[in-house]
Amino acid sequence: MTWGQATDAQLLEVLNATCVSLGIPPERGRSIAPSSGTKKSIAPFFEPNYSVRLYVDVKAWRPLGWNLPSNGVAYDACGHIWYDEGQGCLRLENHSENKIYVRLVAGTCFRAECPVCYQKWAAREAGRIEDKFKRLSRNNAEASVPGYGRPVHAVISVPEIDAFLIYNNLDILKDKIYAIAEKVGLKGYCVIFHPYANEKMHEETPEKILIDKSTGDFDLDSLRSYYSKMNKHINFWYVRPHFHIIGYAPRDYDNPENDAFNEDTITRIYNETGYVVKNLGVRDSVRNTAHYQLTHAGVKKGFQTVCWVGDLSNRNYHKMNPLPKFIPKPHTCPECQAELAPVRWDPQAEISGQVFSVDNYSSAECLDLSEPGPSPLEGMREGGYWIDPGGWRYLDRGEKNHSCLVRKPSHR
Ligand SMILES: [Zn+2]
Ligand SMILES: [Zn+2]
């Protein structure tokens, strides 16, 4: 059977099988709430779309008001690189190859909807999620916490009859999700909401994004290749709300009667409510799992993309005796480890230094007074470079480079 020749019924069968294997409920699941006619009137246009699985380009149309990352509008300075400034280490004497190190930094707004900056948004959010687990385990984020075990990845999928709740009753839907999470013994977790699904989308992390060891921050090249390899040409999605959960669900394997997250409970929940719970198990990397889920998370103005619930909620987290917040490490020179400092391309400064020095005053004709050339890093991508010395200097007191944090143009 090729896709082009398949009947609708065949296609639906394949899609259903795929969805079920991903923890997404098959069609005609039942709701916790009794089904009533009034619900459908909230979004009467919606009912047919779900069963028929109408694929839409979310860039052009946002079913039920939800968007995906990168579909918004960038600010002017997003991705802009100031080639004549950067973060650098000019300590020639500490470098073996007679080179200086300069890092170009692009303007970033860190908004999920920004088509330029969403990758950095996702990377930064994923790092924050990882940190919250790390502060509890006092180790890597994947390590066990006494009384809680290791973090697991679970998915709870919403049956068709409740999907309309994402339109303007997400709070009601979330309460249902949290109640179900409690039934399977999830004690503290973060939630990432996905309004849409796509049969090409896999629930597991495709690959790892390397971390820059010196700063604990993501490696830029690795981030770029991650997004270019990931199938970003998936433009069509259908409404199929589900919630990704990363968190603690303590298990009691020795006393099965006390163990909440088992197949029987999951089956009972499905039979009673139509909601499908899937346990994808402990994590190799909390950060990579979170990052991948963020890449196609629901984005909507006024809604948090990441929510913390139960013992990890903002209200309760401190009771788990976490380590203090980690202070971000500054970027350092890859060779001499000195902290990078703001630098500027300013070849004129050296020339005027010569002009005004008494020794050279009488021989001005020997000086090169031509206009300074462009920065040697003109046209380069964001990142660190080893370049020939000369023309770069540290900033003077009171001088400032452009901030890499881009904000909305001033609201005057
Ligand atoms: Zn941006
Ligand atoms: Zn250095």
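Conventions adopted
- Residues numbered from 1 in each chain as written.
- Chains lettered and ligands numbered in written order.
- Predicted model: local features only at pLDDT ≥ 70, side-chain atom pairs only at ≥ 80, totals over all residues.
- Helix = DSSP H or I, 4+ residues; strand = E, 2+ residues; numbered from the N terminus.
- Contact = placed C-beta atoms within 7 Å.
- Pairing = 2+ DSSP bridges.
- Axes fitted to C-alpha atoms, helices over the stretch in contact; angles between N-to-C directions.
- Buried ≥ 20, exposed ≤ 12 C-beta atoms within 10 Å, placed from the backbone.
- Core = buried A, V, L, I, M, F, W, Y, C linked by C-beta atoms within 7 Å.
- pLDDT = per-residue confidence, 0-100.

## Some remarks on the overall build of the protein
Thought 1: Assigned secondary structure in the protein consists of ten helices and 13 strands.
Thought 2: When contacts within the protein are restricted to residue pairs at least 6 apart in sequence, long-range pairs at least 24 apart make up 79% of them.

## So, unusual backbone geometry
Thought 1: Of note, N98 is a non-glycine position whose phi angle comes to about 55 degrees, a positive value.
Thought 2: Within the element layout of this structure, N98 appears in the loop between β2 (85–89) and β3 (100–104).
Thought 3: Unusually for a residue other than glycine, F110 sits at a positive phi of about 55 degrees.
Thought 4: Along the chain, F110 turns up in the loop between β3 and α4 (118–137).

## Describing the sheet that holds β2
For sheets, the rule is that strands pair by backbone hydrogen bonds, running either parallel or antiparallel.
Thought 1: If you walk across this open sheet you meet the five strands as β12-β3-β2-β11-β13, and the pairing is antiparallel. Edge positions in the sheet fall to β12 (383–387) and β13 (392–394), since each of these pairs with one other strand and no more. Pairwise comparison of adjacent strand axes, ignoring direction, gives a mean angle of 40 degrees for this sheet.
Thought 2: Strand direction decides the pairing type here: β2 and strand β11 (residues 341–345), joined by four bridges, are antiparallel.

## With respect to helix α9 (residues 286–295)
Thought 1: Most of α9 is tucked away: ten of the ten residues are buried.
Thought 2: Of the residues making up α9, those classed as buried are V286, R287, N288, T289, A290, H291, Y292, Q293, L294 and T295.
Thought 3: Looking at the buried side of α9, the elements it contacts are α4, β4 (152–157), β5 (188–197) and β8 (236–248).

## Focus: the nonpolar core
Thought 1: One finds I156, Y189, V191 and I245 to be the most contacted residues of the largest nonpolar core, which totals 61 residues.
Thought 2: Looking at this core element by element, the count peaks at eight residues for α4.
Thought 3: Not counting residues up to four positions away in its chain, the partners in contact with I156 are I177, I180, A181, H242, F243, I245, Y275 and V277.

## A word on the environment of I177
Thought 1: Relative to the helices and strands, I177 is located in helix α6 (residues 170–183).
Thought 2: A residue is classified by how many C-beta atoms lie within 10 Å of it, and I177, with 26 of them, is buried.
Thought 3: For the pair I177 and V277, spaced 100 residues apart in the sequence, the C-alpha separation amounts to 9.7 Å.
Thought 4: Aside from chain neighbours lying at most four places away, what touches I177 is I156 and F243.

## Considerations on the pairing of β11
Thought 1: As defined by bridge partners, β11 adjoins β13 across three bridges and the pair is classed as antiparallel. When the bridges of β13 are listed, R344 appears paired with R393.

## Points about the confidence of the model for the protein
Thought 1: In the predicted model, the protein carries a mean pLDDT of 82, and 77% of its residues have values of at least 70.
Thought 2: When the elements of the protein are averaged for pLDDT, helix α2 (residues 37–42) gives the smallest value, 32, and strand β10 (residues 306–310) the largest, 97.
Thought 3: Residue range residues 26–49 is modelled with pLDDT below 50. Its contacts to residues more than four positions away, or to other chains, number 34 contacts.

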